[in-house]
Structures are given as structure tokens and as C-alpha cells.
Amino acid sequence: MRIKFLGHSCVQVDINGTVLLIDPFISGNELAKDIDVADIRADYILLTHGHQDHILDAEVIAKQSDAVIIANYEVASYFGAKGCKMHPLNHGGTYTSDSFSAKYVNAVHTSSFPDGTYAGQPGGFVVQAQNEVFYHAGDTALTYDMKLIPKEFDLDVAFLPIGGNFTMDYKDALLASSFIKCKKIIGIHYDTFGYIKIDQQKARALFDGDNRELILLKIGEEVEI
Ligand code: NI
Ligand code: MN
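Procedures and definitions
Residues numbered from 1 in each chain as written. Chains lettered and ligands numbered in written order. Predicted model: local features only at pLDDT ≥ 70, side-chain atom pairs only at ≥ 80, totals over all residues. Heavy atoms only, no water. Helix = DSSP H or I, 4+ residues; strand = E, 2+ residues; numbered from the N terminus. Rg over C-alpha atoms; globule rule 2.2 N^0.38 Å. Buried < 20%, exposed > 50% of the residue type's maximum accessible area, 1.4 Å probe, protein only. Contact = heavy atoms within 4.5 Å. Donors = N, O, S within 2.8 Å, 3.2 Å for Na, K, Ca; no water. Tetrahedral: all angles 85-135°; square planar, octahedral: opposite > 155°, others 65-115°. Pairing = 2+ DSSP bridges. Axes fitted to C-alpha atoms, helices over the stretch in contact; angles between N-to-C directions. Parallel < 35°, antiparallel > 145°, perpendicular 65-115°, else oblique. Left-handed = near helix turned anticlockwise from the far one by under 90°. Salt bridge = Lys/Arg side-chain N within 4 Å of Asp/Glu carboxyl O.

(A) Molecular detail of the overall build of the protein chain. The helix and strand tally for the protein chain stands at 6 helices and 14 strands. Computed over the C-alpha atoms, the radius of gyration of the protein chain is 16 Å, within 12% of the 17 Å expected from 2.2 N^0.38 for a compact globule of 225 residues. Counting only C-alpha atoms, the protein chain reaches 50 × 35 × 35 Å along its principal axes. Relative to its 225 residues, the protein chain shows a buried fraction of 55%. Counting only contacts in the protein chain whose residues sit at least 6 apart along the sequence, the fraction spanning at least 24 positions is 60%.

(B) Region of the structure containing unusual backbone geometry. One non-glycine residue with positive phi stands out, namely Asn165, at about 65 degrees. Its location among the elements puts Asn165 in the loop between β11 (157-161) and α5 (170-179). Classification of Asn165 as exposed rests on a relative accessible area of 53%. In this structure, His189 is a non-glycine residue whose phi angle is positive, near 60 degrees. Residue placement: His189 occurs in the loop between β12 (184-188) and α6 (200-209).

(C) Broad picture of the coordination of the nickel ion (ligand 1). For the nickel ion (ligand 1), the full set of protein donor atoms is His49 (NE2), His51 (ND1), His109 (NE2) and Asp139 (OD), at a range of 2.2 Å. What the 4 donor atoms of the nickel ion (ligand 1) show is an angle range of 89 to 174 degrees at the metal, which sorts the shape as irregular. Donor residues for the nickel ion (ligand 1) sit on one chain with the sequence pattern H-x1-H-x57-H-x29-D. The metal-metal distance between the nickel ion (ligand 1) and the manganese ion (ligand 2) is 3.2 Å, with Asp139 serving as a donor to both.

(D) Local environment of the sheet that holds strand β5 (residues 68-72). Across the sheet, 7 strands lie side by side as β6-β5-β4-β3-β2-β1-β14; this open sheet has mixed pairing. Looking along the sheet, the strands with just one partner apiece sit at the ends: β6 (85-89) and β14 (222-224). When the angles between neighbouring strand axes are averaged without regard to direction, this sheet yields 20 degrees. Contacts between helix α2 (residues 58-65) and the sheet are confined to β3 (18-22), β4 (44-46) and β5, with β4 contributing the most and set at about 165 degrees to the helix. Contacts between helix α3 (residues 73-80) and the sheet are confined to β5 and β6, with β5 contributing the most and set at about 145 degrees to the helix.

(E) Inspection of the pairing of strand β2 (residues 11-15) at higher detail. Within β2, 4 of the 5 residues are buried, which leaves the element mostly enclosed by the surrounding structure. Bridge count between strand β1 (residues 2-5) and β2: 4 bridges; the pairing is antiparallel. Within the sheet, the bridge partner assigned to Lys4 lies in β2 and is Gln12. Count of turn residues in the β1/β2 antiparallel hairpin: 5 residues, of which Gly7 carries a positive phi of about 95 degrees. Taken together, the 5 bridges between β2 and β3 define a ladder with antiparallel strand orientation. Pairing of Val13 across the sheet is with Leu20, part of β3. Between β2 and β3, which pair antiparallel one after the other, the connecting turn spans 2 residues, and Asn16 there sits at a positive phi close to 50 degrees.

(F) Representation of the environment of Ala119. In this structure, Ala119 sits in the loop between β8 (100-106) and β9 (123-129). On the basis of relative accessible area, Ala119 is assigned to the buried category, the value being 0%. If sequence neighbours within four positions are ignored, Ala119 has contacts with Gly50, Asn72, Glu74, Val75, Ser111, Ser112 and Phe113.

(G) View of the packing of α5 against α6. At a closest axis distance of 10 Å, the pairing of α5 and α6 adopts a crossing angle of 25 degrees. With respect to their mutual orientation, α5 and α6 come out roughly parallel. In the packing of α5 onto α6, the handedness of the crossing is right-handed. The residues of α6 that touch α5, namely those facing Tyr170, Lys171, Ala173, Leu174 and Ser177, are Lys202, Ala203, Leu206 and Phe207.

(H) The pattern of salt bridges, seen in detail. Throughout the structure, instances matching the rule amount to 8 salt bridges. In this structure, the salt-bridge partner of Lys103 is Glu152, at a minimum N-O distance of 2.7 Å. Placement of Lys103 in strand β8 and of Glu152 in helix α4 (residues 149-152) is noted, with a sequence separation of 49 residues between them. Through salt bridges with shared partners, a single network forms among Arg2, Glu222 and Glu224.

Below you can see the structure in the form of C-alpha cells.
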């Protein structure tokens, strides 16, 4: 799978030509100003919860790509009412297509829309394709629920929040990587704004010291996994 980091928690994952976009927050991210939302196409848009820094560009990209939005019932219905294609899930449920499946798993966080209305409960996704499996944790604290993931999935890579304050920090993310039994972690949800600034060298060194890899991609950078 080919992974492109689009800033904050937004990643684009190309699985044999099927393009998944997760948590698009680009036009509101000063650090991602070189990325033009108008250029982005996806087949599916996965949204972990209703917070603005995860859904901001979902409607525009969904409409310009004819993409299907996959999210919890409340978030999917919100975009369905705006005329987007959508598939609603709830925790424990799996969306299955010809090319991949996406299971909606627990996250410990909150979820509301930018206007304050209820956006269901937050989650993450475990995406399984023929030869690759990844976990995108969304916004979450460290939680024992993560230990359930390796009972069902053998992860190749995981996107974990590492910025602290609103989510777990990189120290908890290191523990999370042992809970999920995954040695290759791509950090998300850090450095976008003041509350979540981290020392990247310290974070990488901590993972190195535990024989794990913390990959911190530049915005727009691509990696093949
Ligand atoms: Ni959030
Ligand atoms: Mn967030």
C-alpha cells in the first residue's frame, strides 16, 4: 500500500488502486497550505469522529470524487443529509467491499460537530486488504481495548496520535504499539497547533530504544509499506 501524509491526522492510502482518505483536515491546516484540496480524489473517505480537525474537507472531496463516506451512524448521516454517498457503521461493525474491509473500533475521546451537536461516539478503523492491514486510531487515549486488535489482525502499520493534550502522547503511543503488536508506527495529530507540539527527536529516540519505528512524515510525503 502507498501512504501519503496530508497533515494532522489525514492520510491517503492507495491499496492496489483503491484510494482511501482518512480524516481530511487540509484547508484549515496552515502547515498543509501547499496541498490543494481541489486536487484530491478518493474512492472512500473514512471519518473517525465529528471534530472539525477530522472532517473539515470531507464534503468537498466526497462530492468532487463521488467518494463513499464511511463513519459512525451520526457522522455518516450528517454527510448523507448534505448529499454525500455514505455507509454508516457503529463500533464492532465492518464495511466490506471487493478490495478491502474496514472495522470501526473503540476510541476513548469525545465527538461533536463544529456546531456542538452530537456526532456519536468516536472510533478508529482497522482496514484489511488482501495483503495489507493497517490501523488508524483517530483521536484516542491509550486504552486496553487496543489489545483486542491483534487477536483478530496482524498489523503492518498503525497511525497513532502522539501529540498529547487531546489524545495520548508519544509515550502512551509506545505502549499502544505494544498493545496492538505493531512495530511500525506513523505518528499523527502532533505539531499542528500549540497544544500538541512535540519534540520529534525525543519521540523517535523513545521508539528506537524499544526496537520500534516511529515514522514522522513530512506533509505531502509518500511511503510504500
Ligand atoms: Ni477529536
Ligand atoms: Mn483531533
